[in-house]
Amino acid sequence: MAEVKTPFRNAYLVNQPDLVKTALVDRPDDFPKAEVIRRTLYDLLGDSVFVTNGELWKRQRRMIDPAFGGGRLKEVFPAILDAAETCVARLGPLADGRKVEMEFETSHAAADVIFQTLFSEPINTDDAQAVFHAFRRYQRTAPVLSILDIMNAPGWIPRPGRKQARAEGRAIKALLRTYVDRRATQIADGTAPDDLATKIMQTTDPVTGDRFDANEMLDQVAIFFLAGHETSASALAWTLYLLANDPHAQERVAAEVQSALGDRRPEFSDLKRLSFTRNVFREALRLYPPVPMMVRETTLPEHFRNRDLAKSSMYILSPWHLHRHERIWPKPDQFDPDRWYRPEEKGPQTDAYMPFSAGPRVCTGAGFAMLEGVLLLSLIIRSYRFTPVEGEVPAPVTQLTVRSETGIWLSVQRRDGVIPPLPE
Ligand code: HEM
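Residues numbered from 1 in each chain as written. Predicted model: local features only at pLDDT ≥ 70, side-chain atom pairs only at ≥ 80, totals over all residues.

### Focus on the overall build of the protein
Next up, step 1: In terms of regular secondary structure, the protein is built from 16 helices and 11 strands.
Next up, step 2: The C-alpha radius of gyration of the protein comes to 21 Å, within 12% of the 22 Å expected for a compact globule of 424 residues.
Next up, step 3: For the C-alpha atoms alone, the extent of the protein along its principal axes is close to 60 × 60 × 40 Å.
Next up, step 4: Counting over 424 residues, the protein shows a buried share of 42%. (Helix = DSSP H or I, 4+ residues; strand = E, 2+ residues; numbered from the N terminus. Rg over C-alpha atoms; globule rule 2.2 N^0.38 Å. Buried ≥ 20, exposed ≤ 12 C-beta atoms within 10 Å, placed from the backbone.)

This is the structure we're talking about:
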């Protein structure tokens, strides 16, 4: 556990699995989300489920969770498949060996997935394009927290980029409002499609009996876009980078997909036959967890590892550090998808792997994201081969998620298979 003492408050970086479990699983109410996260992201996220605590957060989860329950994954599968096939088709004209910035491509695909599953709309409409590009600008201007926030330094000390990020956040919100208002009208007149937005807006809280009003729903839509596409885009881009640098693993994915699917359209039941592809994605989430740190706050005085932690200390959990911990993982920095088959590595996989967090605040979209990641990866690798570009070694930086400072540039080459046309 690393301690940072500051004039305003102390921060603790917690890398010990049982202390991580204390905050996330055993006593989550005593370690709420740090208030500074809510303040920093307020213009975009308002009081969305990602930033709230206590009773308000519990109520929001009760209304959101049913939309992501087990059976629903099968229902969103066709929409995710559409977005995946569109991504494969979009890469077609670029796949002649030239270098392509893959973060842009995976962001486009992941945003399409969210539009299709949440609002039954493809990303190529003008409104959707406006939202997508506004999120791109937001992502570049908005580091979640600066060190000044972690220290709780006074608000008058300027945070670089914050003003611009706030303006972008408000602009995105205005764009998303059109979608929520339109959907409210469709629900009222009985023409709403059966998608995630409709499901969430029509779910009644079993405890209070109420539903989200339009403003609350808008906050939730903002987090679905942000949490749902930034993360998946980051994960997929880093996965392709890792595969580009491990041709053997890349060909194993291609062979697995060929044997499971051949050239046909996948079905939901095919996913269980893509175990190596899934392990590649898992391993990429270990090495490049899109959410590299999670910031909690102590609400009581604590005593851990011979240190007294004052109330209101920052309690920082870092998947990045935990996933690469030398005393926990064998060869932690090595990309080794086969480790997920080894029984002797079960310990760290259970105790020191948390790309989706853990406990009651675990990512709502974890199952959705695994489905999306494996499906997109398998279809992309079935059609294309990726190789590194000389001189383009991505340097990871924390923006909203773990991104490369200068993008992830890879050379893309068509395989022999048929590239499907854009779905209608
Ligand atoms: C690879 C993709 C993804 C990763 C790695 C990821 C990771 C995470 C993590 C680590 C958290 C907890 C953050 C914290 O407690 O500070 C989280 C929360 C959340 N995620 Fe994801 N996520 C992914 C995809 C998605 C998707 C696709 C959706 C929805 C469509 C989603 C929706 C959410 C929401 C709503 C929360 C807030 C949950 C709460 O606080 O109760 N995520 N995610």
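### Looking at the environment of Ile114
Next up, step 1: Among the structural elements, Ile114 can be located in helix α6 (residues 102-119).
Next up, step 2: A C-alpha to C-alpha distance of 18 Å links Ile114 and Gly70, two positions 44 residues apart in sequence.
Next up, step 3: When residues no more than four places from it in sequence are discounted, the contact partners of Ile114 are Phe224, Phe225, Gly228 and His229. (Contact = placed C-beta atoms within 7 Å.)

### Observations regarding the site of the ligand
Next up, step 1: Taken together, 23 residues are adjacent to the ligand, and Gly228, Thr231, Cys363, Gly365 and Ala369 come closest.
Next up, step 2: Of all the secondary-structure elements, those providing two or more residues to the shell around the ligand are α11 (214-244) and α16 (366-383).
Next up, step 3: Of all the elements, α11 adds the most residues to the shell around the ligand, at 7 residues.
Next up, step 4: For the shell around the ligand, the residue count by class is 14 nonpolar, 7 polar and 2 charged. (Near = placed C-beta within 6 Å. Nonpolar A, V, L, I, M, F, W, Y, C, P; charged D, E, K, R; others polar.)

### Some details on the sheet that holds strand β7 (residues 314-317)
Next up, step 1: Strand order in this open sheet of 4 strands is β1-β2-β7-β4, and the pairing throughout is mixed. Two strands lie at the open edges of the sheet, namely β1 (2-4) and β4 (294-297), each paired on one side alone. Ignoring which end each strand starts from, the neighbouring axes of this sheet average 25° apart.
Next up, step 2: Sheet topology places β1 next to strand β2 (residues 11-14); 3 bridges connect them, and they run antiparallel. Of the residues in β2, the one forming a bridge with Ala2 is Leu13.
Next up, step 3: Along the sheet, helix α1 (residues 17-26) makes contact with β2, β4 and β7, crossing β7 at roughly 110°. (Pairing = 2+ DSSP bridges. Axes fitted to C-alpha atoms, helices over the stretch in contact; angles between N-to-C directions.)

### Remarks on the sheet that holds strand β3 (residues 96-101)
Next up, step 1: Taken in spatial order, the 3 strands of this open sheet run β3-β11-β8, and their pairing is antiparallel. Each edge of the sheet is formed by a strand with only one pairing partner; in this case those strands are β3 and β8 (384-388). The mean inter-strand angle of the sheet, taken between neighbouring strand axes irrespective of direction, is 35°.
Next up, step 2: By the bridge criterion, 5 bridges tie β8 to strand β11 (residues 409-414) in an arrangement that is antiparallel. Each bridged residue has a counterpart across the sheet, and for Pro388 the counterpart in β11 is Leu410.

### A word on helix α13 (residues 275-287)
Three- or four-residue spacings in an α-helix give side chains the same orientation, since the helix completes a turn every 3.6 residues.
Next up, step 1: With 13 residues, α13 should cover 18 Å at 1.5 Å per step; its first-to-last C-alpha distance of 18 Å lies within 8% of that length.
Next up, step 2: Burial within α13 is extensive, with 10 of its 13 residues counted as buried.
Next up, step 3: Considered for burial, the residues of α13 that qualify are Thr277, Arg278, Asn279, Val280, Phe281, Glu283, Ala284, Leu285, Arg286 and Leu287. (Expected span 1.5 Å × (residues − 1).)

### Quick look at the packing of α11 against α13
Next up, step 1: Contact geometry for α11 and α13: axes closest at 9 Å, N-to-C directions at 105°. Considered as vectors, α11 and α13 are oriented roughly perpendicular to each other. Each of Ala235, Trp238, Thr239, Leu242 and Leu243 in α11 lies in contact with α13, whose residues at this interface are Val280, Phe281, Ala284, Leu285 and Leu287.
Next up, step 2: A per-class count over the contact of α11 with α13 returns 9 nonpolar, 1 polar and no charged. (Parallel < 35°, antiparallel > 145°, perpendicular 65-115°, else oblique.)

### Regarding unusual backbone geometry
Next up, step 1: One non-glycine residue with positive phi stands out, namely Asn306, at about 60°.
Next up, step 2: Residue placement: Asn306 occurs in the loop between β5 (302-304) and β6 (307-309).
Next up, step 3: On the basis of neighbour counts, which here come to 6 C-beta atoms within 10 Å, the residue Asn306 falls in the exposed class.
Next up, step 4: Look at Ser312: it is not a glycine, yet its phi comes out positive at around 70°.
Next up, step 5: Considering the arrangement of structural elements, one finds Ser312 in the loop between β6 and β7.

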